[in-house]
Amino acid sequence: MTQNLQKFIFGLMASCLLLPAFTQEVAWYQPGHEWFYKSWCSGAGGPGPCGYAHYTVESDEVIGGYDASTLLGSVFDESGNLINSNTHYFRTSGDSIFHYYEPSEIWYLLYSFNTPVGESWVVQDDVYVGYGEEDDLENWPFIVVVDSIDTVEIGGLSRKIVYTSPLTDDEVFFTSMWYFSEGIIEGIGAVGWSMFGDPSFHFGFPGSFSCFLENEEIIYGPFGYPCLPVGTENGALNNLEIFPNPATDRLSISFPENSPAHFELRLYDLSGRLVHAELNYKADQMIDMAGFMPGLYILKVRSGEVLFCGKLVVE
């Protein structure tokens, strides 16, 4: 081997050692992504309607000249009854996430992951995109100041998390005080008051983040209700019975005659942790509850697109 060839090979090996390690890209707004935001009860002077917001990725469309992800936003009451729904459009460009405001027909910057610490990005300035009073933009700016940046391991990926704080200027403090104050996580979004950082997108008072799911698996969040809403998506399981409830040492599950043959059963505690699972069974089931901590659990039974969710109390 000639000296020049040796130098070339050693140089090639050295350059390979300097290549950055492969890291999996964090995806935004993919099919199978879901968000739950619990809304506070409305009516400051007394009881009012309560509920939660649920967002799901529906499809891709061209909106305002850009390829956009469509999110269906639905608001439910505490019993899971639909109150209203609307459609939102998002797109990504590098480290920036944009949201489309249809009345103004404009894409505005919602999240900026390349803004340095101590600097800010502007969401709403001289063009109204849904925050505050439309005829009083001077007193309703939406300016986000980056307080700190960190990384967090979520769903097997290292994700950037951006923490923000309100501006101290008296003119903008009030309208900036809610914005993303609990952090914005790469691939997930704001985990504070709402996905948009503004209470006006929810009825009543601002919502609070409940959880983020990928393909029905909880990836991140406080994991409480309404992360696992109670109800049925198909009448075939309406008559499924779980008893006794509250349970002590054993739990029986009885399936209706017209239910599908094969099921997947999962039992979660309210931290979102899977505590029991059974697959591919056909008959009524008996579960040994010995060793289960007392408390509230969520039972999910699925067969294809058929889903049952129910609450279970263990004493």
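The notes below deal with the structure included here.

Criteria and thresholds
- Residues numbered from 1 in each chain as written.
- Predicted model: local features only at pLDDT ≥ 70, side-chain atom pairs only at ≥ 80, totals over all residues.
- Heavy atoms only, no water.
- Helix = DSSP H or I, 4+ residues; strand = E, 2+ residues; numbered from the N terminus.
- Buried < 20%, exposed > 50% of the residue type's maximum accessible area, 1.4 Å probe, protein only.
- Contact = heavy atoms within 4.5 Å.
- Core = buried A, V, L, I, M, F, W, Y, C linked by side-chain atoms within 4.5 Å.
- Pairing = 2+ DSSP bridges.
- Axes fitted to C-alpha atoms, helices over the stretch in contact; angles between N-to-C directions.
- Salt bridge = Lys/Arg side-chain N within 4 Å of Asp/Glu carboxyl O.
- Phe/Tyr/Trp six-rings, centres within 6.5 Å; stacked < 30°, edge-to-face > 60°.
- Lys NZ or Arg CZ within 6 Å of the ring centre and 35° of its normal.

## Some details on the environment of Cys 211
Working step 1: When you line up the elements, Cys 211 lands in strand E12 (residues 207–214).
Working step 2: You can call Cys 211 buried: its relative accessible area is 0%.
Working step 3: Along the primary structure Cys 211 and Phe 36 are separated by 175 residues, whereas in three dimensions their C-alpha atoms are 5.4 Å apart.
Working step 4: If sequence neighbours within four positions are ignored, Cys 211 has contacts with Glu 34, Trp 35, Phe 36, Ile 218, Tyr 220, Gly 221 and Cys 227.

## What about the nonpolar core?
Working step 1: Ranked by internal contacts, the top residues of the largest apolar core, which has 44 residues, are Tyr 29, Trp 35, Tyr 111, Phe 180 and Met 195.
Working step 2: Counting residues per element, this core draws most heavily on strand E6 (residues 106–112), which supplies 5 residues.
Working step 3: If we skip the residues at most four places from it in the chain, Tyr 29 touches Trp 35, Val 57, Ser 69, Leu 71, Phe 90, Ile 97 and Tyr 111.
Working step 4: Listed in part, the 16 residues of the second largest apolar core include Ile 242, Phe 255, Phe 292 and Leu 312.

## Regarding the sheet that holds strand E16 (residues 250–254)
Working step 1: The 3 strands are arranged E15-E16-E19 in an open sheet whose pairing can be described as antiparallel. In this open sheet, the two strands that pair with only one neighbour each are strand E15 (241–243) and strand E19 (285–288). Strand-to-strand twist in this sheet, taken as the mean axis angle between neighbours without regard to direction, amounts to 20°.
Working step 2: Relative to E16, E15 runs antiparallel, the two sharing 3 bridges. For Phe 243, the partnering residue across the bridge sits in E16 and is Ser 252.

## Remarks on the side chain of Ser 69
Working step 1: Within the fold, Ser 69 resides in strand E3 (residues 66–77).
Working step 2: When sequence neighbours within four positions are dropped, the list of residues in contact with Ser 69 reads Tyr 29, Ser 59, Asp 60, His 88, Tyr 89 and Phe 90.

## Comments concerning the sheet that holds strand E8 (residues 142–154)
Working step 1: Ordered in space as E7-E8-E9-E10-E11, the 5 strands form an open sheet in which the pairing is antiparallel. The sheet terminates laterally at strand E7 (120–124) and strand E11 (189–190), the two strands that pair on one side only.
Working step 2: Inspection of the sheet shows strand E9 (residues 157–165) paired to strand E10 (residues 184–185) by 2 bridges, in the antiparallel sense. Note on E10: the bridge partner recorded for Ile 161 is Ile 185.

## Focus on the pattern of salt bridges
Working step 1: Counted by the stated rule, this structure contains 1 salt bridge.
Working step 2: Ionic pairing is found between Glu 214 and Arg 159, a salt bridge with its closest N-O pair at 3.7 Å. Pair noted here: Glu 214 is in strand E12 and Arg 159 is in strand E9, with a separation of 55 residues, a long-range link.

## Details of the packing of aromatic side chains
Working step 1: If you walk through the whole model with that rule in mind, you get 19 aromatic pairs.
Working step 2: Measuring from ring centre to ring centre gives 5.9 Å for Trp 28 and Tyr 111, while their planes differ by 35°; the resulting arrangement is tilted. In this pair, Trp 28 is assigned in the loop between helix H1 (3–17) and strand E1 (33–39) and Tyr 111 in strand E6, connecting sequence segments 83 residues apart.
Working step 3: We classify Trp 28 as buried; its relative accessible area is 11%.
Working step 4: Ring geometry for Tyr 100 and Trp 107: centres 5.2 Å apart, planes at 55°, overall tilted. Take Tyr 100 and Trp 107: they sit in the same class, and that class is buried.
Working step 5: If you follow Arg 91 out to its NZ or CZ, it ends over the ring of Tyr 66, 3.6 Å from the centre.

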